[in-house]
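# Architecture at a glance
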Amino acid sequence: MAEAQLIDGQALATALRSRVADAVAMLTARHGVTPGLAAVLVGDDPASRIYVRNKQRACAAAGIGSFEHELPGDASEAEVLGLIGTLRGDERVDGIIVQLPLPRQIDPRRVIDAVGPDKDVDGFHPLNIGRLWIGEPTVVPCTAEGCMMLIRSVRRDLAGSSAVVVGRSSVVGRPLAALLLDADCTVTLAHSKTRGLPALCRRADLLIAAAGRPLLVKASWIKPGATVIDVGINRVPIGGTVRLVGDVDTAAAMQVAGAITPVPGGVGPMTIACLLRNAVLAACRRRGLPDPEALAALPPVMEPPPPDGCCAR
Ligand code: NDP
């Protein structure tokens with residue numbers, strides 16, 4: 001059997017970011033609007049700091065205004081809620097992201113509620129989650145949306161497909177299950193208590209691994225020709241250095257799957273690109289403007305590379 005097609009998340013994300021930049025330029029020229037994204041970082045977790053910095057850079061490259069707010073790790077919940085209240089009232093700010101995890105003394109649920117549905121570009125607010133599950137237009141959580149775009153880049157018609165999502169977090173697994181259901185897939189949401197996971201996965205036309213367990217999914221768990229999306233980002237010490245590995249044993253899975261995302265370079269870049277997209281959509285929706293055409297959720301279909309020895313014309 002031929003090796004699986006590698007789904008190039010980096011290329012797809014670059015294309016989406018360029019469409020976001022086009023939409024921002026159009027909004028500024030036609031309506032005098034520059035979308036703005038505010039990031040709130042509480043404490044000094046190094047990984048969170050890197051995420052926030054990457055988001056800031058991505059905003060700048062797309063022409064989106066970015067406002068960073070840092071609070072000390074011992075900030076009270078009232079202080080965080082106070083800052084969010086100020087950002088909600090700030091007309092320059094269309095989206096508010098609060099970098100998770102938060103220190104213990106702060107209840108993330110109250111913080112997400114405080115952001116409100118209109119500036120919730122993460123898609124974590126209960127109202128937006130509810131809209132997602134009843135199939136209404138809403139803000140879709142970035143990683144889940146990114147996964148759908150990656151799937152659709154290689155498979156347009158998903159109706160009737162059997163989809164297994166391994167992982168039921170509210171950030172990835174649950175919203176992705178809702179989106180797959182909306183695309184007429186038959187969805188199974190698996191988790192750590194699921195029995196017979198390998199056999200379940202083997203029935204999947206679409207297999208999405210979002211468990212945060214390095215190399216959990218083996219080649220023998222994959223149905224021949226399946227589309228495999230590896231959301232996992234695991235830092236694993238290998239040979240004296242720390243390497244990033246996904247939840248799927250990619251090298252072995254390549255021999256069985258039809259298409260597969262690599263780690264890194266698969267889902268990760270799409271998450272930030274989808275966040276930028278959400279910020280621009282929020283800017284439009286808050287002002288009653290239509291969603292820019294450039295930001296339609298369907299990406300172009302990626303053709304598989306020509307077989308070896310075949311030259312492109
Ligand atoms: P969580 O820890 O919140 O959730 C993990 C889920 O996986 C839980 O539902 C858990 O089940 C399930 N699970 C854990 N172990 C197993 C197992 N052995 N078999 C079956 N299910 C299992 O993680 P997140 O959803 O936040 O993240 C998942 C992974 O995706 C992580 O590696 C994270 O780094 C990565 N990630 C990547 C992003 C990207 O942009 N590429 C963005 C967000 C996350 P239970 O509910 O029973 O505990």
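Here goes a summary of the coordinates provided.

What counts, and where the lines are drawn
Residues numbered from 1 in each chain as written. Predicted model: local features only at pLDDT ≥ 70, side-chain atom pairs only at ≥ 80, totals over all residues. Heavy atoms only, no water. Core = buried A, V, L, I, M, F, W, Y, C linked by side-chain atoms within 4.5 Å. Buried < 20%, exposed > 50% of the residue type's maximum accessible area, 1.4 Å probe, protein only. Helix = DSSP H or I, 4+ residues; strand = E, 2+ residues; numbered from the N terminus. Contact = heavy atoms within 4.5 Å. Expected span 1.5 Å × (residues − 1). Arc of directions from axis to C-beta. Pairing = 2+ DSSP bridges. Near = heavy atom within 4 Å. Polar contact = N/O pair within 3.5 Å; in protein donor to acceptor, adjacent residues only side chain to side chain. Areas by Shrake-Rupley, 256 points an atom, 1.4 Å probe, with all protein chains shown as cover. Nonpolar A, V, L, I, M, F, W, Y, C, P; charged D, E, K, R; others polar. Right-handed = clockwise from strand over helix to strand, strands pointing away.

## Quick word on the nonpolar core
Ranked by internal contacts, the top residues of the largest apolar core, which has 58 residues, are Val20, Ile64, Leu180, Ile208 and Ile229. Listing elements by their share of this core, those giving two or more residues are α1 (9–31), β2 (36–42), α2 (46–62), α6 (142–154), β5 (162–166), α7 (173–182), β7 (206–209) and α10 (267–286). Counting residues per element, this core draws most heavily on α10, which supplies 12 residues. Apart from the residues lying within four places of it in its own chain, the contact partners of Ile229 are Ile7, Cys147, Leu150, Ile151, Leu207, Ile208, Ala209, Thr261 and Val267. Counting residues in hydrophobic clusters, the runner-up holds 22 residues, among them Val164, Ala204, Ala219 and Val248.

## Digging into α2
The end-to-end C-alpha separation of α2 is 25 Å, in line with the 24 Å expected for 17 residues at 1.5 Å each. Buried residues of α2: Ser48, Val52, Lys55, Ala58, Cys59 and Ala62, and no others. Taken down its axis, α2 places every buried residue within 125° of arc, on the same side. Counted as exposed and oriented over 90 degrees from the buried face of α2: Pro46, Arg57, Ala60 and Ala61. Buried-residue contacts for α2 involve α1, β2, β3 (65–71), β4 (95–98) and α10.

## Some thoughts on the sheet that holds strand β11 (residues 259–260)
One open sheet holds the 6 strands; their spatial order is β1-β11-β8-β7-β5-β6, and the pairing between them is parallel. Only two strands of the sheet have a single partner each, and these edge strands are β1 (5–6) and β6 (186–190). Pairing analysis gives 2 bridges linking β1 to β11, with the strands arranged parallel. Paired with Leu6 across the strands is Ile260, a residue of β11.

## Some remarks on the site of the ligand
The full set close to the ligand counts 21 residues, and Arg168, Ser169, Ser192, Ile233 and Thr271 are the nearest of them. At 2.6 Å from an oxygen atom of the ligand is found a side-chain nitrogen or oxygen belonging to Ser192. Surface burial for the ligand is 70%, taken as the share of its 920 Å² of free accessible area covered by protein chains. For the shell around the ligand, the element with the most residues is α10, which contributes 3 residues. Of the residues assigned to the shell around the ligand, the class counts are 9 nonpolar, 10 polar and 2 charged.

## Some thoughts on α1
A rise of 1.5 Å per residue sets the reference length of α1, with its 23 residues, at 33 Å; its end C-alpha atoms lie 32 Å apart and thus fit the reference within 8%. Turning to α1, its buried residues are Gly9, Leu12, Ala13, Leu16, Arg19, Val20, Ala23, Val24 and Leu27. For α1, the capping residue at the N-terminal end is Asp8, with a side-chain oxygen 3.1 Å from the backbone nitrogen of Gln10. Trailing α1 by a residue or two, Gly32 shows a phi angle of about 65°, which is positive.

## Thoughts on unusual backbone geometry
The omega torsion across Leu100 and Pro101 is 0°, close enough to zero to call that bond cis. Turning to its location among the elements, Pro101 is positioned in the loop between β4 and α4 (108–115). Positioned with a positive phi, Asp184 is a non-glycine residue whose angle comes to about 70°. Checked against the element boundaries, Asp184 lands in the loop between α7 and β6. The backbone of Leu215 shows a phi angle near 55°, a positive value even though the residue is not glycine. Position of Leu215 among the secondary structure elements: in the loop between β7 and β8 (227–230). The partly exposed category is assigned to Leu215, whose relative accessible area is 37%.

## Some remarks on the pairing of β5
Within β5, 4 of the 5 residues are buried, leaving the element largely enclosed by the surrounding structure. Inspection of the sheet shows β5 paired to β6 by 5 bridges, in the parallel sense. By the bridge assignment for β6, Ser162 is matched with Thr186. In terms of handedness, the path from β5 via α7 over to β6 forms a crossover that is right-handed. Pairing between β5 and β7: 4 bridges, direction parallel. Note that in β7 the partner of Ala163 across the bridge is Leu206.

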